[in-house]
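Close look at the chain arrangement
One-letter residues, chain by chain:
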Amino acid sequence: MGKKSKKNVKSSSTKSSSSNNNPPPQNSLPRSQAPAAPGRKAIIRGLVSRKDLNGLEVTIQNVLDNGRIAVEVVFGRDTIAERREVVAIKRDNLETRWNCIGGTEAGSDMKHWGMTEEECPICMDVVMNVGLNKNAAYLECCGKSICEKCFVQTQFTKQKDVCPLCRADISDGSETAAIQRIRARAERGDANAMYNLGGYYDTGRPSIPKDQAMARVWFQRAAEKGESRGAYNLACSYRDGEGGAVDKAQAAKYFRMAGERGHIQGVTCYGLALMSGDGIKRDIVEGKKWLKKGADAGDELAVQQLQMHEMMAAFGGMGMGNGNISCSSSPGMMSFSMG
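Within every chain, residues take consecutive numbers counted from 1 along the sequence as written. In keeping with the model being predicted, local features are shown solely for residues with a pLDDT of at least 70 and side-chain atom pairs are shown and tallied solely at 80 or more, while totals for entire chains, interfaces and linings include all residues. Only hydrogens and water are set aside; all other atoms, that is, all heavy atoms of the structure, feed into the side-chain values.

1. Quick word on the pairing of strand β1 (residues 40–44)
Worth spelling out the cut-off: Exposure classes here rest on a 1.4 Å probe applied to the protein chains alone. A residue is buried below 20% of its type maximum, exposed above 50%, and partly exposed in between. Secondary structure elements follow DSSP: runs of H or I of four or more residues count as helices, runs of E of two or more count as strands, with numbering from the N terminus. At least two DSSP bridges between two strands are required for those strands to pair.
Of all 5 residues that make up β1, 5 are buried, and the element is covered over most of its length. Alignment of β1 against strand β2 (residues 57–63), held across 3 bridges, turns out to be antiparallel. Within β2, the position partnered with Ile 43 by the bridge is Glu 57.

2. Some words on the pairing of strand β7 (residues 144–147)
Where strand β6 (residues 136–139) meets β7, 4 bridges bridge the pair, whose relative direction is antiparallel. Residue Tyr 138 lies in a different strand from β7, and its bridge partner there is Ser 145. In sequence, β6 turns back onto β7 through a hairpin of 4 residues, with Gly 143 there showing a positive phi of about 75°.

3. Observations concerning the packing of aromatic side chains
The test is simple: The rule is short: rings of Phe, Tyr and Trp, with Trp giving its six-membered ring, pair when the centres are within 6.5 Å, and they are stacked under 30 degrees, edge-to-face over 60, tilted in between. Any Lys NZ or Arg CZ that is within 6 Å of a ring centre and within 35 degrees of that ring's normal is treated as a charge sitting over the ring.
Enumeration according to the criterion identifies 3 aromatic pairs in this entry. Relative to Phe 255, the ring of Tyr 232 has its centre 5.6 Å away and its plane inclined at 55°; by these criteria the two rings are tilted. Of this pair, Tyr 232 sits in helix α5 (residues 228–240) while Phe 255 sits in helix α6 (residues 248–260), placing them 23 residues apart in sequence. Tyr 232 sits in the buried class, given a relative accessible area of 0%. On the basis of an interplanar angle of 15° and a centroid distance of 6.1 Å, the ring pair of Tyr 238 and Tyr 254 is categorised as stacked. Placement of Tyr 238 in helix α5 and of Tyr 254 in helix α6 is noted, with a sequence separation of 16 residues between them. Given the relative accessible area of 11%, Tyr 238 is considered buried. Judged by relative accessible area, which is 3%, Tyr 254 ranks as buried. Sitting above the plane of the Trp 218 ring, Arg 221 keeps its charged end 4.5 Å from the centroid. When the ring centre of Trp 290 is taken as origin, the NZ or CZ atom of Lys 293, which lies over that ring, is 4.4 Å away.

Next up, the structure:
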């Protein structure tokens, strides 16, 4: 499977400016009126003079006195040509993401990042997700989540600077403060916080340097606490040599650990390791069992690799040899060798 479906979420206290002292009704709150808090993600829309910025995801840095929003744009992220630029954008040219500030969000389509399928503890009406299809806010102070609707409503109350669940002070909405809250929980032994802190180190943020060796440490600690996503990301780190030496045996070990704890991509990647003998003794029969588990759970890569194995088995019957299947770096991509 791949790496990094970067990532997190958080509460915020800063509101965008408005000519009306009274907040708009919640059921008609336009997206342009979402709180513009430091650390929050946003998309630039509708610029005329800087059309090159339209459509880019940026990180809000500050709300300026003139009402514009200072945002950081990263060009060529994680390449030798990476550069960062801070620009001031009108509020109307930013599409703010209500539900995400900080760590778990961190990701692309590679490592697996967190989600929850619990009901919102406030309204009890929404099944929350803080993964790729986010509809919830992650509260770093206690590691809990509430749905974005309830989160937005809290921003227009006198208690906006207090966590609605644990009552901690969240008046500082900066990313630095968010990381401090996550780190404090991680150091107290919270597996979810360990996993999220590892995510920050894995990708790097303006307030925390990229350090994949440290990311591996925190993923390891999370895995030892039973966090399946930590085990999966640790396996990816060992497989790809991020933060330390490549160790395919350790990768297979932690893919299996993640899979046994219900991580679907972990199930698939362990099956692929068995099929190819990557870090573990090759076992086609057992590998197919694991791939079937992944396919039955809806993992597209597992389905495709099973189909590929069947095709290669047919070729083998025609004297073309046996196929070795390998775990690709992204869903939908398959690699194999004949011989």
